[in-house]
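# Structure at a glance
Listed below are the residues making up each chain.
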Amino acid sequence: MAALVLVNGKIVTVDEQFSIGQAVAIEGERITAVGEDAAVLARAAPDARVVDLGGRTVIPGLIDNHNHFVRATEHAEVRLDGVRTRAAALDLLARRAAGLGDGQWLLTLGGWHEEQWAGDRRELTLAELDAVAPGRPAFIQAQYDHASVNTAWLDAMNVPANIRATGRVGGGLVALNRAAAGFPAGGTREAGVRAAMAYCNSLGLTTVFDPGGVGVSDAAYAAIQSVAGRGELTLRVLTTLGAEVDEPAGRFAEKVRASNPFQGDHWYDRIAVGEIYHAPFHWDHGGRPPAPAASDIAAATEILTTAAITGWPVQTHSVTTGGLALVLDAYGQADKLRPIRPLRWSVTHAEGIIPEQIERARRLGVTVQLRSQSVIRDSRATVAPLKLLQDSGLTWGLGTDGTRAAQINPFISLWWAVTGRSLGGTQILDEPLTREEALIAHTRSNAQLVFRENYLGSIRPGLLADLLVLDRDYLTVPDDEIKDIRPSATIAGGTVVYGSL
């Protein structure tokens, strides 16, 4: 019998029929009934808690198929996701700086860009950051593009006086990650895990697939494992087996051979090889496809062959048309040794994918993880072909590539997919999606991409009780309000992990 029953609501199940109910019943971690109020109430235990939703909308917990969550646990940050003006950004930074303790730095490590602001898009200045964080180091990073810093940060980093004039730090991904690696954590590692989970839950995220990435410490993973081991995760965290920078292919192939996926549980598990396994082969960015040597192709083939034979799913970072061609060629070679369709190998980002490659991926059973990164920039350079994939029959889902390269608010991603606009106001998608298509891509489709379609992604009896009670109706609010939707309550595994009922 159900211990918790939500009634008098609009239950958007996102099942195969996209059916709408009035009530949902939960017993322990699982959903036991969905439907009309009377029928669901009949399943309630005598002492069940019955919550009147007052007509509020409920949707499944949102899943991000590409979220660098583990990296986000390493520092206490101020997130500027979705902040729409320069003045609002400065105000938020000032308020957060005022609440920091002794020794804590004011940090924002990506996830936004000045192009998301309306009106004044000037970069933050040294003087402004001195004013909002007097005497406290401040490092405010915009994507992997640049960072604005203050005098206290320059002093703490012993930057010579002759190169201090602008208060601007550049250098791209490698330089900015290297700088951040030396910053104070702002608390214990487990406190960082809890803070990052709480932020994700407040946005409506209940599951993230973390693809690893360069420079993420073993200690960060260990902290999550520690919290998971005590049954205290409020966010389902799925991870990958990734290669270290410059790790020899043979050594990494042996790691793949010596380990197995799916050894965890529904809260913490390692489910794929990737996103990086041999960077010279597949690491690319817009306009700069990889040009691997024959030895690099051979190295990647060794790794992918090993993954196929040993039954590992694979996720590959691939962006450009040329880069995707290399990856799909290598996937095809591995497929000859063992079919990869049951392993659901994927390409992630894939902005450059063209119809011929979509058809090739479909034949191989390759899935695609698209990202909403372009929502924070007024550019078509990193625009994913949403409608092309939606109409192709290929399995695909919607992710962000946060936390540094992009914002992670799933409602901003849904707004972007539905309106086709960047936060700065530019129309960057020629063919946006319907609201239903976008929501499926952030729920049911992503559940399939993370091998959890029998447990997550919709509100159905028998599935895990991950769901959101929203502060407004996703299906009927004006388009421009989709990005502003927030959960009144986030439920993960039958427990309220954010807000209240």
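Residues numbered from 1 in each chain as written. Predicted model: local features only at pLDDT ≥ 70, side-chain atom pairs only at ≥ 80, totals over all residues. Heavy atoms only, no water.

## Let's talk about the packing of aromatic side chains
The full count for this structure, using the stated rule, is seven aromatic pairs. Measuring from ring centre to ring centre gives 5.2 Å for Trp105 and Phe183, while their planes differ by 50°; the resulting arrangement is tilted. Of this pair, Trp105 sits in the loop between α3 (86-98) and β9 (106-109) while Phe183 sits in the loop between α6 (172-181) and α7 (189-203), and the two are 78 residues apart along the sequence. You'll find Trp105 and Phe183 in the same group, each marked buried. On the numbers, 6.3 Å between centres and 90° between planes, the contact of Trp153 with Phe183 is edge-to-face. Remark: Phe183 occurs in the loop between α6 and α7 and Trp153 occurs in helix α5 (residues 151-156); sequence separation between them is 30 residues. Across the pair, exposure class does not vary: Trp153 and Phe183 are buried alike. Over the aromatic face of Trp267 sits the side chain of Arg236, whose NZ or CZ is 4.1 Å from the ring centroid. (Phe/Tyr/Trp six-rings, centres within 6.5 Å; stacked < 30°, edge-to-face > 60°. Helix = DSSP H or I, 4+ residues; strand = E, 2+ residues; numbered from the N terminus. Buried < 20%, exposed > 50% of the residue type's maximum accessible area, 1.4 Å probe, protein only. Lys NZ or Arg CZ within 6 Å of the ring centre and 35° of its normal.)

## Digging into helix α11 (residues 294-310)
In a regular helix each residue adds 1.5 Å, so 17 residues correspond to 24 Å; α11 covers 24 Å between its end C-alpha atoms and thus fits that length. Those residues of α11 that sit buried are Asp296, Ala299, Ala300, Ile303, Leu304, Thr305, Thr306, Ala307 and Ala308. Packing partners of the buried residues in α11 comprise α9 (249-258), α10 (279-282) and α12 (321-337). Where α11 terminates, the next one or two residues include Gly311, which has phi positive at roughly 85°. (Expected span 1.5 Å × (residues − 1). Contact = heavy atoms within 4.5 Å.)

## Concerning the sheet that holds strand β10 (residues 138-142)
The strand order β9-β10-β11-β12 describes an open sheet built from four strands, whose pairing is mixed. Two strands bound the open sheet, and with one partner strand each, they are β9 and β12 (168-169). With two bridges joining them, strand β11 (residues 146-149) and β12 adopt antiparallel strand pairing. Its bridge partner being in β12, Ala147 is matched across the sheet by Val169. Against the sheet, α6 engages β9, β10, β11 and β12, with an angle of about 150° to β10. (Pairing = 2+ DSSP bridges. Axes fitted to C-alpha atoms, helices over the stretch in contact; angles between N-to-C directions.)

## Regarding the side chain of Thr239
Tracing the sequence through the fold places Thr239 in strand β14 (residues 236-241). Using a relative accessible area of 3% as the deciding quantity, one classes Thr239 as buried. Other than its neighbours up to four places away in sequence, Thr239 contacts Phe209, Asp210, Tyr221, Tyr268, Asp269, Arg270, Ile271 and Ala272.

## Quick notes on unusual backbone geometry
One can expect most non-glycine residues to show negative phi and most peptide bonds to be in trans. In this model, Gly274 is joined to Glu275 through a cis peptide bond whose omega is -5°. Tracing the backbone through its elements, the reader meets Glu275 in the loop between β15 (268-273) and α10. Going from Gly402 to Thr403, the amide bond is cis rather than trans, its omega being 25°. Structurally, the position occupied by Thr403 is in the loop between β19 (396-399) and α15 (410-419). Although it is not a glycine, His349 adopts a positive phi angle of roughly 90°. Here His349 shows up in strand β17 (residues 346-349).

## Description of the packing of α11 against α12
Where α11 contacts α12, the two axes come as close as 9 Å, and the packing angle between them is 40°. Taken together, the axes of α11 and α12 are oblique relative to one another. Our pair here, α11 against α12, has a crossing hand that is right-handed. Here Leu304, Thr305, Ala308 and Ile309 of α11 lie close against α12, whose contacting residues are Ala330, Tyr331, Ala334 and Leu337. (Parallel < 35°, antiparallel > 145°, perpendicular 65-115°, else oblique. Left-handed = near helix turned anticlockwise from the far one by under 90°.)

## Comments concerning the sheet that holds strand β8 (residues 62-64)
In space, the four strands of this open sheet follow the order β8-β13-β14-β15, with parallel pairing throughout. Edge positions in the open sheet fall to β8 and β15, since each of these has one partner strand only. Here the strands of the sheet are splayed against their neighbours by 20° on average, with no regard to which way each runs. Of the strand pairs in this sheet, β8 and strand β13 (residues 205-209) are connected by three bridges, and their pairing is parallel. Residue pairing across strands places Asp64 opposite Val208, the latter belonging to β13.

## Looking at the pattern of salt bridges
On inspection of all chains with the given rule, the structure shows 33 salt bridges. In this structure, the salt-bridge partner of Asp473 is Lys10, at a minimum N-O distance of 2.6 Å. With Asp473 in the loop between β20 (467-470) and β21 (487-492) and Lys10 in strand β2 (residues 10-12), this pair connects stretches of sequence that are 463 residues apart. Assessed through its relative accessible area of 15%, Asp473 is described here as buried. (Salt bridge = Lys/Arg side-chain N within 4 Å of Asp/Glu carboxyl O.)

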